Every structure is written in structure tokens, then in C-alpha cells.
Amino acid sequence: MSNLTVDGQGSTFVFHGKMIPFLIDGSTNISIQDVSIDWEVPFHSEALIVANDLENKTFDLKIAKEYPYEIRNGQLYFIKESYEHNLGQAILYDPERRAIAYNTEDYTPLTIYNNLPNKNTKTAVAYKYKVDSHDPVQNRIAREYALRVEELEPGLVRVYNHRKKIPPVGKVLVCKGEQHANRLAPAIRITDTNGFNAKNVKVHHAGGMGLIAENSSDLILDRFDVTPSRGRMVSTTADATHFVGCRGRIELKKCIFKNQLDDATNVHGTYQEVVDVIDEFTIGVRMGHYQQQGFVIGKPKDKVGLVRLKNSFFPYDSLTIKSVQKLNSRYQKITFNESLPASLESGDLIENLTAYPEMLLVEDCIISNNRARGLLLSSPNKTILRNNFFSTEMEALLIPVESGHWFESGNGANISIVDNTFQDCNHSGYNRGVIRLVTDDDNKNIAFNNIDIRGNTFNHFDNLILEIANTDGLVFQENTISNSNTFPKLHQQKSAIKIKSSKNIEFRKNQYNGDAPTLVEVEDDMQSVEFN
């Protein structure tokens, strides 16, 4: 379709079961406006903790009628429309704040499994090709259920054998089942589409992401709100928004992202592993994470970088795609216009250098009460984050290079973080920076550059504000840092700022009103940095 507007005129669309309300594929200039999206029966479940026994390590859940359940072989299953889930991924909400509970990481996730004593079955089968250990088939091997549930009376169940701290009375346990099956019904999915606008759109629920866009361009969200309805603690069960391999402009303006069970947005590319060098022009590549199956990394004329992360976070060579042949959901053959470099090896990664936004703008947005991060950004071009409010369970801004689990590509560069407010982030228990630049490869190579953090307000209960790693060129200026005293400190972290494997880091005209004993901590590979 081309040049189509779906105008809801204030309607609420209510959906049932596993489905995708809006699927936009291979289209041009599509708009959705003035509509709300909800589900009659949510994909997650909620239960109030009404009693606990710290000595016997049990806790009791009061389950309302809108979350029907049954118990099979000591396991609790919530029954939905053509769907069900177990306790699976779970987290605590504070019903008074209607937000993720303070220090929930001491109590959740629930310890559902025990490892079997004999783990030989993990290696009993010699696979011809590499397998993903997170794949649900692999993930079950050498494990058994540990939690046991019994019904005390209808709507009241007792949970046994949880090995972390026993959750406190009065908190709401939110669960969405195990990861492999709990993100199958996003509200809006966009693929291979050039030009998409959403204006005055409300997503109250989805069994997965509020919006996921892949291999698309020029995506504008204006007052795109993800907020819960009907008294529920949770909006979407995964990210509010997510952009993979997208180009052109991505804009999020005056959006509200609240109470989702993952990040407010992700913007990144995808690493794929070189499995075979087939001929002088052709390689075979494999998806790294099982949930990326079916994703096509590029199209003819796209520029692809060849990456060997142990040597550099930047490509050592580049080629342009001639054709892509998808052999199955996990393996593709890519033929290039140029001959392959002699240095190319099986095990190297590829990333699509064309498939990053030329410009990412996040402006005047409110991001709060959710699980996980605010924004997770891996884009090497230009990013502006301006006048937003963050209050998140984990870090507000995560700028990573990630190659070991999700295989999300892209280094961070040319990022302006200006005039934002950061209020009590990382309140779930992690000792992490409110803003964090990090790689998952333990080396000193530069991954990030040209970062401007200016004019922001950090009102934080804990000490750690900023983590910087593998960065060349960061200016932190005219920011105000204060102690909110909203919660007790979770960690005895001495410094407000930690830096490693970085250079050209400057602090100018900042105001610090916190109480960290040390302002800046640098690792041994760096000279001291003065905070101003």
C-alpha cells in the first residue's frame, strides 16, 4: 500500500488472542492516527502477595478472577485466549507507586528451575552447527522445575522453594511466562516500509512490543503513548518501541512510555556470524539469537562492514551487497559486488553500515515505571536526546556494543544528551550508571566517540551517575547532580563517575550536590580526570 492513512477518530480497538493488530509490510507513506489499542485478556498476569513465611520460605498469592489459572503437577499456569503462561519471567510492582518495586532484584526473578546433578546431557549431542544456548529446546536440558505451587482455596495459592529473598506482603507479582513464548503479539509491526507516521496513538497492552520496525525508513512517532489500562500494572510485555536495521529519520516526540516490561526503545543493527566462505564473492551467515530468525540483514547496494571485535569495534573492511539468498530462517547466503578480502575468517561478524538512522531524535518524552532501561541506543550517525524525563528500573540510557547474546550491532557516536531529567533510576538493585557506555568484549579498544552530555538534572538516591568505557571524546558540562533521598542507598559505591579504557573525557561547569566520597574514579589504564 502507498499513501494510506488509518484514522481511528478516537476509537478503541480491543483485540483477542495471539495476533498483530497492525502489520505494515512493503509499503510507503503509511499513517495511523487517533486510535487506542488494547486486549480484552492481557498476555501477562498479576497477583497480590498477601502472606509470607520467612522461616519456611513460602509466600501466598491472591489471584483475581480476571487472571484465571490452574495448577498442573505443582506448576501454576495462567489461562488466556488460545494462550497460556507459567510464572516464568516475574518481577515485583509497588501498587502505591504503580511502578517497579524498589530493590526487586533481591526478590525476583523467581528461581523456577534447579540444575540436574548430572549435566552430561548438555554435551551428549554433538551438533554439526553452533546452537544458541538460550533457545528454548537447549534451555530445558539438564534442568528441572524447582518451584512448587499449591492451592489453599480458590484464588489463593502458596509458592514453595523460591531461593532468593521471599517477597514482601503488599507487593504485586507480575509474570509473563518464559521468554521464548512471551513476545509473540506486538501491537504494530512494520517491515520493509518507507515512511511511517503515528500520531495520537495509544497502546494500552500487547503481548510483546508496542511497535517493532525492521528494515524500514523515516519513522515518526508523535504522541505515541504506551500506558496501561483497566487498573493493570503493565502496559506491553516487552519494549514500548524497537527499531532494527532502520534508516533515514527516526523521531519520537511527546511520547509517554510507562509500565512496559522492557525498554522504552531500542535502536540498533544486527550482527550476523560468518559461517562459510563459499566462493570469492559469497559468504554464508547465521543468526546469533534464536529470536532473530527470519531477519534479512540487507538488500542490494547496502554497504556491509566486516568486524572482528577482538581487534576493533569498527569494521576492518566493507563490501556492497549484490544479492541475498535466504535458505532458511537462520542461514543466508550473501553475494557481494567485490571479492572477499583474504583476511576474512569464519567466526567474523558482519553488520549493515547503511541500515542505521541518519538522525535519531527523542524529544519531550516521559519514560517511567517500567522494567529495564529507558533508551538502548547503538547508532554511529547522529542522535539527539532532548528534554525527556526518565525514571527507570535499570539505567536510563544504555549505549552498548553487544555481541555475546542479542547480537545487536552498532557503536555509539555523535550523541547529544541535553536538558533531560533523570529521577531515581536503577532503583531495582543494579549498581550501574544512570548513563552507561559499555561493551561486552573485555578489551581496551575504542567503541564510542563524540558524546555531549549537557544541561541535565540528575536527582538520584544512589551515588553512581555515569559509567564510561571504551570512549574517545566525551564532554559532561553544565549538569546538576543531587541526592533525592527517595530510597535508601542500595550500594556502597564510593564514586559518582567511573571511567575506564577512555580518553579525551572532560568535565566543565557542573554542580554536584550529592554525597559520594569520590567524584571520579578511573581505572589503572588511564590518567586521573578532574571534575569541574
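Look up: the structure comes first, before these words.
**Description of the nonpolar core**
Argument step 1. The biggest cluster of nonpolar side chains holds 80 residues, and the ones touching the most others in it are Ile188, Phe196, Phe224, Phe243 and Phe507.
Argument step 2. Ignoring any residue separated from it by four or fewer positions in sequence, one finds Phe243 in contact with Leu211, Ala213, Leu219, Leu221, Ile250, Leu252, Thr265, Asn266, Val267 and His268.
Argument step 3. Core analysis: the next-biggest nonpolar cluster, separate from the first, contains 24 residues, Phe59, Leu92, Ala101 and Leu173 among them.

**Observations regarding the packing of aromatic side chains**
Argument step 1. Counting across every chain of the model gives 15 aromatic pairs.
Argument step 2. Their ring planes at 15° and their centres at 5.2 Å tell us that Tyr113 and Tyr145 sit as a pair that is stacked. Here Tyr113, found in strand 11 (residues 113–115), pairs with Tyr145, found in strand 12 (residues 143–145); they are 32 residues apart in sequence, far enough to count as distant.
Argument step 3. Exposure remark for Tyr113: the relative accessible area of 16% places this residue in the buried category.
Argument step 4. Linked through ring pairs, Phe390, Phe422, Phe458, Phe476, Phe507, Tyr512 and Phe531 together constitute an aromatic cluster.
Argument step 5. Taking NZ or CZ as reference, Arg432 lies 4.1 Å from the ring centre of Tyr430, over its face.

**Observations concerning the sheet that holds strand 27 (residues 317–326)**
Argument step 1. Taken in spatial order, the six strands of this closed barrel run 24-25-28-27-26-29, and their pairing is antiparallel. In this sheet, neighbouring strand axes are inclined to one another by 45° on average, regardless of whether the strands run parallel or antiparallel.
Argument step 2. Pairing of strand 26 (residues 303–307) with strand 27, which is carried by four bridges, proceeds in the antiparallel orientation. Pairing of Gly305 across the sheet is with Ser318, part of strand 27.

**Here's the deal with the pattern of salt bridges**
Argument step 1. Counted by the stated rule, this structure contains 26 salt bridges.
Argument step 2. Note that Lys130 is salt-bridged to Glu273, the shortest N-O span being 3.0 Å. Taken together, the residues span a long stretch of sequence, with Lys130 in the loop between strand 11 and helix 1 (136–140) and Glu273 in strand 24 (residues 272–277) at a distance of 143 residues.
Argument step 3. Residue class for Lys130 comes out exposed when judged on its relative accessible area of 54%.
Argument step 4. Assessed through its relative accessible area of 15%, Glu273 is described here as buried.
Argument step 5. Of the charged contacts in the structure, one is a salt bridge between Asp302 and Arg247, with a shortest N-O distance of 3.0 Å. Of this pair, Asp302 sits in the loop between strand 25 (282–287) and strand 26 while Arg247 is found in strand 21 (residues 247–253), placing the two residues 55 residues apart along the sequence. The two residues Asp302 and Arg247 agree in class, both being buried.
Argument step 6. Each of Asp38, Glu40, Arg230 and Arg232 takes part in a single network of salt bridges with overlapping partners.

**Some points on the sheet that holds strand 4 (residues 45–53)**
Argument step 1. Read across the open sheet, the seven strands follow the order 10-9-15-4-5-14-13; overall the sheet is antiparallel. Where the open sheet ends on each side, the last strands, each with one partner, are strand 10 (99–100) and strand 13 (148–153).
Argument step 2. As defined by bridge partners, strand 5 (residues 58–62) adjoins strand 14 (residues 156–160) across five bridges and the pair is classed as antiparallel. Across the sheet, residue Asp60 finds its bridge partner in strand 14, namely Arg158.

**A word on the pairing of strand 28 (residues 331–336)**
Argument step 1. Pairing of strand 25 with strand 28, which is carried by five bridges, proceeds in the antiparallel orientation. Among the inter-strand pairings, Ile283 is bridged to a residue of strand 28, identified as Ile334.
Argument step 2. As defined by bridge partners, strand 27 adjoins strand 28 across five bridges and the pair is classed as antiparallel. Across the sheet, residue Ile321 finds its bridge partner in strand 28, namely Phe336.
Argument step 3. Linkage of strand 27 to strand 28, two consecutive antiparallel strands, is achieved through a turn of four residues.

Basis of the calculations
Residues numbered from 1 in each chain as written. Predicted model: local features only at pLDDT ≥ 70, side-chain atom pairs only at ≥ 80, totals over all residues. Heavy atoms only, no water. Core = buried A, V, L, I, M, F, W, Y, C linked by side-chain atoms within 4.5 Å. Buried < 20%, exposed > 50% of the residue type's maximum accessible area, 1.4 Å probe, protein only. Contact = heavy atoms within 4.5 Å. Phe/Tyr/Trp six-rings, centres within 6.5 Å; stacked < 30°, edge-to-face > 60°. Helix = DSSP H or I, 4+ residues; strand = E, 2+ residues; numbered from the N terminus. Lys NZ or Arg CZ within 6 Å of the ring centre and 35° of its normal. Pairing = 2+ DSSP bridges. Axes fitted to C-alpha atoms, helices over the stretch in contact; angles between N-to-C directions. Salt bridge = Lys/Arg side-chain N within 4 Å of Asp/Glu carboxyl O.

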